[in-house]
Amino acid sequence: MSKCICCGSETGQLHFRALEVKTLHIRGMKGESRIQALGEIRDWSVCSACAMERLNQILLPGWSIVRHMIPLLFLLLAGTVACIWLRSDKAMINLLGPAAVFCALAAGTSTMRRKLIQRNRYRVLPHREAMRQAAWLRLMDRAPKKCGENDLTYIPVDDSVQGMTVQQLMQEYRLLPAIAKQAFQRIKEDRSLAIRAVR
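Everything numeric in this text was worked out from a predicted model, so none of it was measured.

K.L.:
Would you mind going over the overall build of the protein chain with me for this structure?
P.N.:
When its secondary structure is counted, the protein chain shows seven helices and four strands. Of the regular secondary structure in the protein chain, the N- to C-terminal order runs β-β-α-α-α-α-β-β-α-α-α. Relative to the compact-globule value of 16 Å for 199 residues, the protein chain shows a C-alpha radius of gyration of 22 Å, a clear excess of over 25%. Taking the principal axes of the C-alpha coordinates as reference, the protein chain spans close to 80 × 45 × 30 Å. The proportion of buried residues among the 199 residues of the protein chain is 31%. Nonlocal contacts in the protein chain, meaning residues at least 24 apart in sequence, comprise 64% of its contacts between residues at least 6 apart. Element-wise, carbon and sulfur atoms account for 60% of the exposed surface of the protein chain, whose accessible area totals about 13100 Å². Charge-centre separation for the protein chain: the mean point of 30 positive side chains lies 5 Å from the mean point of 16 negative side chains.

K.L.:
So what exactly am I meant to see when it comes to the sheet that holds strand S1 (residues 13–28) here?
P.N.:
For sheets, the rule is that strands pair by backbone hydrogen bonds, running either parallel or antiparallel. In spatial order, the strands read S2-S1-S4-S3; together these four strands make up an open sheet with antiparallel pairing. The open sheet has two free edges, formed respectively by strand S2 (31–47) and strand S3 (146–147), since each of these has just one partner strand. Across the sheet, helix H1 (residues 48–59) lies against S1 and S2, angled at about 125 degrees from S2, the strand it touches most. The sheet contacts of helix H4 (residues 127–142) involve S1, S2 and strand S4 (150–156), and relative to S1 the element is tilted by about 45 degrees.

K.L.:
I'm lost on the side chain of Gln13 in this one. Help?
P.N.:
Of note, Gln13 is situated in strand S1. A polar side-chain atom of Gln13 sits 2.9 Å from the main-chain carbonyl oxygen of Ser9.

K.L.:
Sorry, what's going on with the packing of aromatic side chains here?
P.N.:
Pairs of aromatic rings are described using the distance from one ring centre to the other and the angle between the two planes. Counting across every chain of the model gives two aromatic pairs. With centroids separated by 5.6 Å and ring planes inclined at 55 degrees, the aromatic side chains of Phe16 and Trp136 adopt a geometry described as tilted. Of this pair, Phe16 sits in strand S1 while Trp136 sits in helix H4, and the two are 120 residues apart along the sequence. Trp136 carries the same exposure label as Phe16, and that label is buried. Geometrically, the ring pair formed by Trp44 and Tyr154 is edge-to-face, given 5.1 Å between the ring centres and 75 degrees between the ring planes. Linking Trp44 in strand S2 with Tyr154 in strand S4, this pair joins segments that are 110 residues apart in sequence.

K.L.:
In this structure, what is going on with the pattern of salt bridges? I would like to understand it.
P.N.:
Between side chains of opposite charge, a pair can form when the charged atoms approach closely. Applying the stated criterion to the full structure yields seven salt bridges. A salt bridge links Arg42 to Glu20; its shortest N-O distance comes to 2.9 Å. In this pair, Arg42 sits in strand S2 while Glu20 sits in strand S1, placing the two residues 22 residues apart along the sequence. Taking the shortest distance from any N to any O, the salt bridge between Lys146 and Asp151 comes out at 2.9 Å. Among the ionic contacts, a cluster of salt bridges with common partners joins Arg17, Asp43 and Asp190.

K.L.:
Before we go on, may I ask you to explain the nonpolar core in this structure?
P.N.:
Nonpolar side chains in soluble globular proteins tend to end up buried together. Ranked by size, the top nonpolar core spans 23 residues in total, and within it Phe16, Val46, Trp136, Leu139 and Tyr154 carry the most contacts. Breaking this core down by element, the ones donating at least two residues are S1, S2, H1, H4 and S4. Per-element tally for this core: the top contributor is H4, with seven residues. Setting aside residues no more than four positions away along its own chain, Leu139 makes contact with Ile5, Phe16, Trp44 and Val46. Counting residues in each nonpolar core, the second largest holds 14 residues, with Val157, Met164, Leu169 and Ile179 among its members.

K.L.:
What is the right way to look at the pairing of S1 in this model?
P.N.:
Residues in a regular strand point their side chains to alternate faces of the sheet. With 15 bridges connecting them, S1 and S2 associate as antiparallel partners. Residue pairing across strands places Gly28 opposite Gly31, the latter belonging to S2. Linkage of S1 to S2, two consecutive antiparallel strands, is achieved through a turn of two residues. Pairing of S1 with S4 involves six bridges; the strand directions are antiparallel. Each bridged residue has a counterpart across the sheet, and for Ala18 the counterpart in S4 is Pro156.

Definitions and limits used
Residue numbering note: each chain is counted from 1, following its sequence as written. Totals for whole chains, interfaces and linings use all residues, but because this is a predicted model, local features are given only for residues with pLDDT of at least 70 and pairs of side-chain atoms are given and counted only at 80 or more. The basis for the side-chain values is all heavy atoms of the structure; hydrogens and waters are excluded. Numbering goes from the N terminus for both helices and strands, where a helix is a DSSP run of H or I of at least four residues and a strand is a run of E of at least two. Only C-alpha atoms enter the radius of gyration; for comparison, a globular chain is expected to reach 2.2 Å times N to the power 0.38, where N is the number of residues. Exposed residues in this analysis have more than 50% of their type's maximum accessible area, buried residues have under 20%, and partly exposed residues fall in between, with area computed by a 1.4 Å probe over protein chains only. Note on definitions: a residue-residue contact is assigned when non-hydrogen atoms from the two residues lie within 4.5 Å. Per-residue and other accessible areas were derived by the Shrake-Rupley procedure at a 1.4 Å probe size, with only the shown protein chains allowed to occlude residues. Counting rule for charge: Lys and Arg are taken as positive, Asp and Glu as negative, and neither His nor the chain ends is counted. Taken as the charge centre is NZ of Lys, CZ of Arg, CG of Asp or CD of Glu, depending on the residue. Strand pairing requires that DSSP identify at least two bridges connecting the strands. Simply put, an axis is a line fit to the C-alpha atoms, just over the touching stretch for a helix, and the angle between two N-to-C directions goes from 0 to 180 degrees. Under this definition, polar contacts are N or O atom pairs within 3.5 Å; protein pairs additionally need one hydrogen-donor-capable and one acceptor-capable atom, and for neighbouring residues in sequence, both atoms have to be side-chain atoms. Note on aromatic pairs: the rings of Phe, Tyr and Trp (six-membered ring only in Trp) are paired at centre separations within 6.5 Å, and the planes decide the class, stacked below 30 degrees, edge-to-face beyond 60, tilted for the rest. Between Lys or Arg on one side and Asp or Glu on the other, a salt bridge is scored when a side-chain nitrogen of the former is within 4 Å of a carboxyl oxygen of the latter. To define a nonpolar core, start from buried Ala, Val, Leu, Ile, Met, Phe, Trp, Tyr and Cys residues and group those joined through side-chain atoms within 4.5 Å.

Below you can see the structure in the form of C-alpha cells.
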C-alpha cells in the first residue's frame, strides 16, 4: 500500500493514477510557443484525513478568503491614501490611487466569486465524489510541478476522462492536438489493461 503524498500515513487511502504531461515553454522573437511530451503514468495516494481537510477548506472558505484578501486590503489602503495625498500636475500620478483601488476591488470580487462558486459546486456533489475531487486537488498541490525546465501537469487516468473526446481533453488540459491524441490512446490502453486485470 502506498503512503499518502501529503502526510505519509497509510490509512484510508484514495488512490489515483495520473498521466504526466511535460511542457517546455519557448520564448522567442515571434512570441511564446510550447513543446509537449507525455511522461509516465504515476500512482499516488491521498489519505481520507487530508482529503477531508481540503474539502472543509472548500466548503468553509472563510479563512482562505481572508488570507487572499489581506494583500488586497493593503493595496486598497495604499490606493485610498494615494487618492487623498497625491496631488500633482501630471495626470498619470493622479490616476495611481484610483487605479490601485479599482484593482483591489476587482481582484477581491473575483476571489470571492471563485471561492463561492467552488463551494456551491462541491455542496451539490455526493460526499464520496466531493471527497475524491478534494483529494485530487490536494494531490495536485503536492505533486511535482517542474522537471528541469519543463512544467509538469497531470491528467487523471480514471472515469472522469473516459467519456471525453480528444477535443475536450485538449481543451480541458491545454494540450497540443498531437499530444491530446497520444494521451487519449494511453489513457484508453491503461483503462483496458486495468479492466482485464480485474477479470
